[in-house]
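One-letter residues, chain by chain:
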Amino acid sequence: MKKKKILSLILAGCLTVGAIASCDSGSGSGGSLSGGGYVGTDVVTNDFDLVDVEGSSHQYKKYKDITTEPITLTYFHFDQDETVQLLAKRFMEIYPNITVNVQYENVSTYNTTLSTLVSNGQAPDLIMHSDCDFALSNMLLADVSSYWNSDDETKNLADTINSAGLGTYHLEGGQRYSVPVKFFPGAMFIDRNVLETLNLKVPTQNWTWSEMIQLIKDATVLNSPDGMAYYGLGYYNRLDSYYGIAARQDIIGEFGFTGKTFDLSEWAVGEQEFSNLKLGGYIAPQTETQAMEDWCGDWEGWAGNTGHAAIFSEAFWTFQNTWNTPAYKESFNLDIVPYVIPAVSAADAGADHHSIATIDYGGITPSCKYPREAYELLKFMSFGVDGWYTRCEIYSDESIVNASGTALKYDVMPVPTTKDSGVWDAYIAVYCAGMDDEHVQLWRDYFASCMQPISFGWTNIAGYWNFCDEYFNAIGIHDLVDNGTAQAADYVEEANRKANYYHAQAMIDYFGPTGYNVLSESEIATYNQMIADSQ
């Protein structure tokens, strides 16, 4: 394993919620336990008063099991900073006795800065994380399962957060070390103006994977009447990651992960299909390439604004922070609409189904002295109903801008994981402001269809980055398949062994006797056997 345990001395013995409440060796920002009158609870009692906050029409839950003593909590994050600052302000208005210190760090330097804080005895109380291997190998997260399991609001979240165990790392003991903070569902976007120009039929919302591939091919017209080629697909995310989740409903992670083992058979089909599209000339040129300059006359051009690409595997946020901005709508003749990533089988496509998503997670650090209060703050910043009403109020006010002067709704606007209908009405009203009824309904249908998210692997599967760094990316599988020198299926057997090995080794390292020490004897035996079988 490449990771180093930066907390081995600081956090030893403080690794469960029960231990957090009594651990006084960490540097967490809360005050001393001795003489302060603080008594923490190890569950959420769901007993609250409704309180009004000046400037808001929403009534907020003020939980009775939150301390009334003056305390301080520090939240270290890489979310949109102005939004988080305003969320912290609102939380402090609900709980005037709690001071929330917000510390922002760019994601590119986040892990390094967090390591330094912890090493210097300045560990924050709450953190975000994207790379779960970093967080777990350094034991940065405490088990919050007792809070999560007793909290009424966690029963009404996007289905797979619980059913697929997102943030649990699939431990038999039922522990949960991470909660979803930022959710960006996967999407395919279609420019309907291009389909109209090419006299192609607009697909239904329950389209299948094969229908999408056929549309990509049909929308590729290299010798077009206007002299500029049309391409079926402009891509940001590769289709192999999408296909690997869309293929089967029992897959709950990238590379065919089912909770303990991997099977890359489905990934290989998607990888080969994407490569065949590239080799066949169906995919638009990438920016800053000679092919892009030859196509649209601009080295730095982008398929998404040419009006000559039909379908896009862009990130969810591309719509709101690019296509939907006032300047873009004025400058380009586009009609971009969202589609759920299609399922492979018609039966799955005709119902709600799993689709890949970008989810950043967060958690409470083991040195936090006020875990019940930290959990409530974490919920407010992530999946909580009250936090989402606040976010919608923030996003609806376009006078609130970031450091560059951009309204926050056009900067970073994630999607609620709660299924609360009031939150969703408020969110749709903000997200779809200015759209006609047809487009609002298209977005409602899209959002309803993507509430069974499955995370990209690095955020939610122990050992995933080790597998990618030391095997998958090291031998350059994508390049080998994309340039036609290898077939994806040729790697499946070896890749299965490697993925199982790195996952099993990570589970032993992170959760075994030298880590959190929560694995059962049967789990240890299973993972050791996986390691032996993978040699």
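Residues numbered from 1 in each chain as written. Predicted model: local features only at pLDDT ≥ 70, side-chain atom pairs only at ≥ 80, totals over all residues. Heavy atoms only, no water.

Enquirer: Mind showing me how you'd approach the packing of aromatic side chains here?
Expert: Both the distance between ring centres and the angle between the ring planes are used here to describe each pair of aromatic rings. Applying the stated criterion across every chain yields a total of 56 aromatic pairs. Ring geometry for Phe-255 against Tyr-464: centres 5.7 Å apart, planes inclined by 20 degrees, an arrangement best described as stacked. Of this pair, Phe-255 sits in the loop between helix H9 (239-246) and helix H10 (265-279) while Tyr-464 sits in helix H20 (residues 464-472), and the two are 209 residues apart along the sequence. Taken as a pair, Phe-255 and Tyr-464 share a single burial class, namely buried. Lying across the ring of Trp-148, Arg-176 places its NZ or CZ 4.0 Å from the centre. Sitting above the plane of the Trp-388 ring, Arg-391 keeps its charged end 5.3 Å from the centroid. (Phe/Tyr/Trp six-rings, centres within 6.5 Å; stacked < 30°, edge-to-face > 60°. Helix = DSSP H or I, 4+ residues; strand = E, 2+ residues; numbered from the N terminus. Buried < 20%, exposed > 50% of the residue type's maximum accessible area, 1.4 Å probe, protein only. Lys NZ or Arg CZ within 6 Å of the ring centre and 35° of its normal.)

Enquirer: Help me understand the pairing of strand E8 (residues 231-235) in this model?
Expert: Each regular strand shows side chains that alternate between the opposite faces of the sheet. Buried residues dominate E8, accounting for five of its five residues. Bridging between E8 and strand E9 (residues 309-313) involves four bridges; their strand directions are parallel. Across the sheet, Tyr-231 pairs through a bridge with Ala-309, a residue of E9. (Pairing = 2+ DSSP bridges.)

Enquirer: Is there a simple way to think about the pattern of salt bridges in this case?
Expert: Any two side chains of opposite charge can pair, so long as their charged atoms come close to each other. A full pass over the atoms with the stated rule returns 26 salt bridges. When the shortest N-O distance is used, the salt bridge between Lys-260 and Glu-172 registers 3.7 Å. With a gap of 88 residues between them, Lys-260 in the loop between H9 and H10 and Glu-172 in the loop between helix H6 (159-163) and strand E6 (179-185) connect regions that are remote in the sequence. Put simply, Glu-376 and Lys-379 hold a salt bridge, and the shortest N to O gap is 3.2 Å. Of this pair, Glu-376 and Lys-379 are both found in helix H15 (residues 371-381), three residues apart, which corresponds to roughly one turn of the helix. (Salt bridge = Lys/Arg side-chain N within 4 Å of Asp/Glu carboxyl O.)

Enquirer: Quick question: what am I supposed to make of the packing of helix H22 (residues 492-511) against helix H23 (residues 521-533) here?
Expert: Two quantities define a packed helix pair, namely the angle between the axes and the distance from one axis to the other. The geometry of H22 relative to H23 is characterised by a closest axis approach of 8 Å and an angle of 145 degrees between their N-to-C directions. Two packed elements cross with a definite hand, and for H22 against H23 that hand is left-handed. Touching Arg-497, Asn-500, Tyr-501, His-503, Ala-504, Gln-505, Met-507 and Ile-508 of H22 are Ile-524, Tyr-527, Asn-528, Met-530, Ile-531 and Asp-533, all from H23. Tallied by class, the residues present in the contact of H22 with H23 amount to eight nonpolar, four polar and two charged. (Axes fitted to C-alpha atoms, helices over the stretch in contact; angles between N-to-C directions. Left-handed = near helix turned anticlockwise from the far one by under 90°. Contact = heavy atoms within 4.5 Å. Nonpolar A, V, L, I, M, F, W, Y, C, P; charged D, E, K, R; others polar.)

Enquirer: Is there a simple way to think about the environment of Cys-296 in this case?
Expert: Inspection of the secondary structure puts Cys-296 in helix H11 (residues 290-296). For Cys-296, a relative accessible area of 29% puts it in the partly exposed group. If we skip the residues at most four places from it in the chain, Cys-296 touches Met-228, Gly-301 and Thr-306.

Enquirer: Please clarify how H15 should be interpreted in this entry.
Expert: An α-helical turn contains 3.6 residues, so any two residues separated by three or four positions project in the same direction. Most of H15 sits out of view: 11 of its 11 residues are buried. Residues Pro-371, Arg-372, Glu-373, Ala-374, Tyr-375, Glu-376, Leu-377, Leu-378, Lys-379, Phe-380 and Met-381 constitute the buried set of H15.

Enquirer: Is there a simple way to explain the side chain of Asp-335 in this structure?
Expert: By secondary structure assignment, the location of Asp-335 is in the loop between helix H13 (326-331) and strand E10 (336-339). Engagement of the side chain of Asp-335 in a polar contact is seen with the side chain of His-439, the distance being 2.7 Å. If we ignore the near neighbours within four places in the chain, the residues touching Asp-335 are Ile-190, Asp-191, Arg-192, Asn-193 and His-439. (Polar contact = N/O pair within 3.5 Å; in protein donor to acceptor, adjacent residues only side chain to side chain.)

Enquirer: I keep staring at unusual backbone geometry and nothing clicks. Help me out?
Expert: Both trends apply: most residues other than glycine have a negative phi, and most peptide bonds are in trans. With a phi angle near 55 degrees, Met-139 is a residue other than glycine that sits in the positive phi range. On the secondary structure map, Met-139 appears in the loop between helix H4 (132-137) and helix H5 (145-150). With relative accessibility at 8%, the residue Met-139 sits in the buried group. In this structure, Asn-517 is a non-glycine residue whose phi angle is positive, near 60 degrees. Within the element layout of this structure, Asn-517 appears in the loop between H22 and H23.

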